[in-house]
Amino acid sequence: MAVVAITADERAAFKRCRRAWDLGARTRRALEPVDTPAPIDDPAREALAVHYFPGMWAWDRAIVRPLVLKAAGAAAPFVERYVDWAAALDDFEPLRVEFDFDARVPDPGGDGDLAAPDGRAVHYQGRVNALVVDGDGAHWLLAHRFGPWTDADVLRLDEAAATAAWAWEQTFLDATVHGVLYNELTPEGRFRRTRLRLSRGAVAQAGLQLAREVAEMLAPELALYPTPGPYCPTCPFVAPCMTAQDGEDPEPLLALDFRPRPPEVLQEGRLGGATWGVGRGAMPARFAGDDRP
Ligand code: SF4
């Protein structure tokens, strides 16, 4: 039986506006506008995955750099500046890159795991940019954030990272995550690294809070209402939402201008994807040059 998969994005959507979440989440109606473009690759993020690929970390950086810049494409100048900046800060060893976690969500009211009303298991799924180990043997999540710098208090309250740490520990039971290394990269090419330690209590609390919220998301009698906010102008459901607010039926509009979201496709050759290893094995052929040692 398929599981109910909750992601960080869909959890955030639920907390932002239940109406938009109900229409768009894969666990709900899973709709998207008919003109939604196909997802595009993020070459800078992919280049960082090559840069931090564990199987190449011990290689001469002069050999790795061309592979990183090849993956970066048009973003190569930006990524090259980052690589030069990060050289003095990367005092760790990467263990995984762009690796997925998949954790059973506990039952907030009992000792076992949460089950959906139809009996299916409930999983929290997501991806971390990298897991690294420092010189003291402590494990840290490395989280890339592209965009303007984030306020320090917002970073300290970042529930997605704390929940990822909890989920990582649930997925790999011998793991203990000591904190998060936030790697901020602005469009102008400014970079910042922030090290935030996570207490054991913070990691446990992240799992408990996730369990409470997911139980609420799955409640059969869940009330669905809109929560207008500054994000509404970019909401894909603004037209049917306004129709519903006028007391009219939005279903004809949803049938005309929206379609079911296509299933998520595993990207063949994605760094960290399940189609090839992330240890010290081979890297994808499309990044492999004749100059591999
Ligand atoms: S337009 Fe705003 S209130 Fe309406 S569904 Fe979208 S996010 Fe919610």
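Calculation rules
Residues numbered from 1 in each chain as written. Predicted model: local features only at pLDDT ≥ 70, side-chain atom pairs only at ≥ 80, totals over all residues. Heavy atoms only, no water. Helix = DSSP H or I, 4+ residues; strand = E, 2+ residues; numbered from the N terminus. Polar contact = N/O pair within 3.5 Å; in protein donor to acceptor, adjacent residues only side chain to side chain. Contact = heavy atoms within 4.5 Å. Near = heavy atom within 4 Å. pLDDT = per-residue confidence, 0-100. Salt bridge = Lys/Arg side-chain N within 4 Å of Asp/Glu carboxyl O. Buried < 20%, exposed > 50% of the residue type's maximum accessible area, 1.4 Å probe, protein only.

Caption draft 1: A look at the side chain of Glu32. One can find Glu32 in strand β2 (residues 31-33). A distance of 2.8 Å separates the side chain of Glu32 from the side chain of Arg259, its partner in a polar contact. Apart from the residues lying within four places of it in its own chain, the contact partners of Glu32 are Asp257, Phe258, Arg259, Pro260, Arg261 and Pro262.

Caption draft 2: The site of the ligand, seen in detail. Looking at the ligand, the residues that line it are Cys17, Arg19, Ala20, Pro226, Thr227, Pro228, Tyr231, Cys232, Cys235, Val238 and Cys241. For the shell around the ligand, the secondary-structure elements that each account for two or more residues are α2 (18-24) and α9 (238-245).

Caption draft 3: Representation of the confidence of the model for the protein chain within the structure. When pLDDT is averaged across the protein chain, the result is 89; 90% of the residues are at 70 or more. With pLDDT under 50 throughout, residues 272-293 is counted as low confidence; its partners more than four residues away or in other chains account for 56 contacts. As a predicted assembly, this complex carries a pTM of 0.85 together with an ipTM value of 0.99.

Caption draft 4: Just the pattern of salt bridges, in detail. Counted according to the given criterion, the structure contains 22 salt bridges. A salt bridge links Arg45 to Asp42, with the nearest nitrogen and oxygen atoms 3.4 Å apart. Taking the relative accessible area as the measure of exposure, Arg45 reaches 27% and is therefore partly exposed. Through salt bridges with shared partners, one network takes in Arg11, Lys15, Glu159 and Glu213.

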